[in-house]
Amino acid sequence: MDLEEEAYNIIRRHKEGVFQNVIWKELDIDSRKCSRIIKKLLDKDLIIREVGVSNGARTYLLKAKEEVKEKYDLLLAGSLFSACTGCTGDCQPEYCGRLGEWIGNLMEEAERSKETGEIKADIEDDGDEDI
């Protein structure tokens, strides 16, 4: 693993951010080399940098940018994609077989999650624990 990856991993580990001087001390490199590594991470748009003060010295607070994840998994029930997505049929939802099958899979998945104690991160993040 190169120093750039190590620096990025340190930044990602500190969810609230980490001061740049901590990184160069942890990697046992000088501040100039650390600045060049941080510049590369900024150029790749992987981190954000804010001016801060640590032990009375001006430094930078570094944070990893949050990865934007697509929310397609909310449309999945097991291996079935939402029956209504892209549907052009003129049907009544209460009598749609495809929708009924999708809802059934969704309920089975919710039961499995309750049994294993696993809740999808997206559901947990929304604060909606009733499945």
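First, a word on scope: everything that follows refers to the structure included in this document. Being a predicted model, the structure only gives us computed values, none of them experimental.

Our next topic: the pattern of salt bridges. This model, assessed by the stated rule, comprises 5 salt bridges. Notably, a salt bridge pairs Glu-4 with Lys-44, separated by 2.5 Å at the nearest N-O pair. Of this pair, Glu-4 sits in helix α1 (residues 3–13) while Lys-44 is found in the loop between α3 (31–43) and β2 (47–54), placing the two residues 40 residues apart along the sequence. Taking relative accessible area as the criterion, Glu-4 reaches 13% and is therefore assigned buried. Glu-50 is the salt-bridge partner of Lys-63, the closest N and O atoms lying 3.9 Å from each other.

Once that is clear, we can look at the side chain of Ser-82. By secondary structure assignment, the location of Ser-82 is in the loop between β5 (80–81) and α4 (97–116). Setting aside its immediate chain neighbours within four residues, Ser-82 contacts Leu-75 and Trp-102.

Its location among the elements puts Leu-62 in strand β3 (residues 57–64). Each C-alpha atom, one on Leu-62 and one on Ile-48, is 5.8 Å from the other, the two residues being 14 residues apart in sequence. Setting aside chain neighbours within four positions, we find Leu-62 in contact with Ile-11, Gly-17, Val-18, Gln-20, Ile-23, Ile-38, Ile-47, Ile-48 and Arg-49.

Let's shift gears to the state of the cysteines. This structure, assessed with the given rule, holds 0 disulfides. Left unpaired, Cys-87 is separated from the closest cysteine sulfur, that of Cys-91, by 5.1 Å. Given a relative accessible area of 35%, Cys-87 falls into the partly exposed group.

Attention now goes to the nonpolar core. Generally speaking, soluble globular proteins have nonpolar side chains that are buried together. Core analysis: the largest hydrophobic core is formed by 14 residues, its most contacted members being Ile-11, Ile-23, Ile-38, Leu-41 and Ile-47. Every element with two or more residues in this core is listed here: α1 and α3. For Ile-11, the contacting residues outside a window of four places in its chain are Val-18, Ile-23, Ile-38, Leu-41, Ile-47, Leu-62, Lys-63 and Ala-64.

Two aromatic rings, taken as a pair, are described by how far apart their centres are and by the angle between their planes. Throughout the structure, instances matching the rule amount to 0 aromatic pairs. We note Lys-25 situated over the ring of Trp-24; from NZ or CZ to the ring centre the distance is 5.7 Å. Positioned over the ring face of Tyr-60 is Arg-49, at 4.3 Å from the centre of the ring.

Attention shifts here to α3. Residues separated by three or four positions in an α-helix point in the same direction, a consequence of the helix having 3.6 residues per turn. For α3, spanning 13 residues, the distance from its first C-alpha to its last is 18 Å, which sits close to the expected 18 Å at 1.5 Å a residue. Those residues of α3 not exposed but buried are Cys-34, Ile-37, Ile-38 and Leu-41. What you see down the axis of α3 is that its buried residues fit within an arc of 100°, all on one side. Summarising the geometry of α3, the exposed residues directed more than 90 degrees from the buried face are Arg-32 and Asp-43. Tucked inside the fold, the buried residues of α3 contact α1, α2 (20–26), β2 and β3. Count one or two residues on from α3 and you reach Asp-45, which has phi positive near 60°.

Read from one edge of the open sheet, 3 strands run β1-β3-β2, paired in antiparallel fashion. Only two strands of the sheet have a single neighbouring strand rather than two, namely β1 (18–19) and β2. Here β2 runs beside β3; their pairing, made up of 8 bridges, is antiparallel. The partner of Val-53 across the bridge, within β3, is Arg-58. α1 rests against β1, β2 and β3 of the sheet, and its axis sits at about 85° to β3. Contacts between α3 and the sheet are confined to β2 and β3, with β2 contributing the most and set at about 140° to the helix.

The rules behind these values
Residues numbered from 1 in each chain as written. Predicted model: local features only at pLDDT ≥ 70, side-chain atom pairs only at ≥ 80, totals over all residues. Heavy atoms only, no water. Salt bridge = Lys/Arg side-chain N within 4 Å of Asp/Glu carboxyl O. Helix = DSSP H or I, 4+ residues; strand = E, 2+ residues; numbered from the N terminus. Buried < 20%, exposed > 50% of the residue type's maximum accessible area, 1.4 Å probe, protein only. Contact = heavy atoms within 4.5 Å. Disulfide = S-S within 2.5 Å. Core = buried A, V, L, I, M, F, W, Y, C linked by side-chain atoms within 4.5 Å. Phe/Tyr/Trp six-rings, centres within 6.5 Å; stacked < 30°, edge-to-face > 60°. Lys NZ or Arg CZ within 6 Å of the ring centre and 35° of its normal. Expected span 1.5 Å × (residues − 1). Arc of directions from axis to C-beta. Pairing = 2+ DSSP bridges. Axes fitted to C-alpha atoms, helices over the stretch in contact; angles between N-to-C directions.

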